[in-house]
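Here are the chains, one letter per residue:
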Amino acid sequence: MDFCKDCGGVLNLFGKNSSGLCSSCIQHAKPTESVQPSTISANTTDLLLDSTISYENEKIVVRSKEGWNLWSGPANKTTPMANILKSARLIYKIRQKRKKKQ
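Residues numbered from 1 in each chain as written. Predicted model: local features only at pLDDT ≥ 70, side-chain atom pairs only at ≥ 80, totals over all residues. Heavy atoms only, no water.

## Here's the deal with the nonpolar core
The test is simple: For this analysis, a nonpolar core means a set of buried residues of the types Ala, Val, Leu, Ile, Met, Phe, Trp, Tyr and Cys, connected via side-chain atoms within 4.5 Å. For every residue, the accessible area obtained with a 1.4 Å probe (protein chains only) is divided by the maximum for its type, and the residue is called buried under 20%, exposed over 50%, and partly exposed between those limits. Helix and strand assignments follow DSSP, with helices taken as H or I runs no shorter than four residues and strands as E runs no shorter than two, numbered in order from the N terminus.
Judged by nonpolar contacts, Val62, Trp68, Leu70, Trp71, Ile84, Ala88 and Tyr92 together constitute the single largest core of seven residues. Looking at this core, the elements with two or more residues in it are strand 3 (69–74) and helix 3 (81–101). It is helix 3 that provides the largest number of residues to this core, a total of three residues.

Structure (structure tokens):
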């Protein structure tokens, strides 16, 4: 039995599903957005300068100078750098807000 890569639901039992996603995830999938270099702010550059990239447990990990895990992904899969930066910046902002509330 095969399971969806996204939600973990059971894939179609009758027929082939080469995408590895269930019909619900395929219908709700958003097209990938390409981030133009002009949309990357100075904050992202500062984030990169203070962050580290490492290989841990067969994953690529991006950590902030505070030690926060900003992004991680499998080492055997390629991910566009723009997507990594977008996710890392969002997580960094959330962590900063939580830190200020404490």
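## Structural notes on the sheet that holds strand 3
The cut-off we apply is this: Whether two strands pair depends on DSSP finding at least two bridges between them. Each axis is a line fitted through C-alpha atoms, and for a helix only the stretch in contact is used; angles between axes span 0 to 180 degrees, taken between their N-to-C directions.
If you trace the three strands from one edge of the open sheet to the other, you get 1-2-3, paired in antiparallel fashion. The two strands at the open ends of the sheet, each matched to only one other strand, are strand 1 (52–56) and strand 3. Across the sheet, the mean angle from the axis of one strand to that of its neighbour is 20 degrees, orientation sign disregarded. Both strand 1 and strand 2 (residues 59–63) contribute to a ladder of five bridges, which runs antiparallel. Across the sheet, residue Thr52 finds its bridge partner in strand 2, namely Arg63.

## As for helix 3
Heads up, the condition is: Between the first and last residue of a helix there are one fewer steps than residues, each counted as 1.5 Å, and that sum is the expected span. To be clear, the arc concerns the directions from the helix axis to the C-beta atoms.
In this model, helix 3 (21 residues) spans 30 Å end to end at C-alpha, consistent with the 30 Å of a helix rising 1.5 Å per residue. The set of residues buried in helix 3 consists of Ile84, Leu85, Ala88 and Tyr92. Viewed end-on, helix 3 has its buried residues packed into an arc of 90 degrees, placing them on one side of the element. Relative to its buried face, helix 3 has exposed residues pointing more than 90 degrees away, namely Leu90, Lys97, Arg98 and Lys101.

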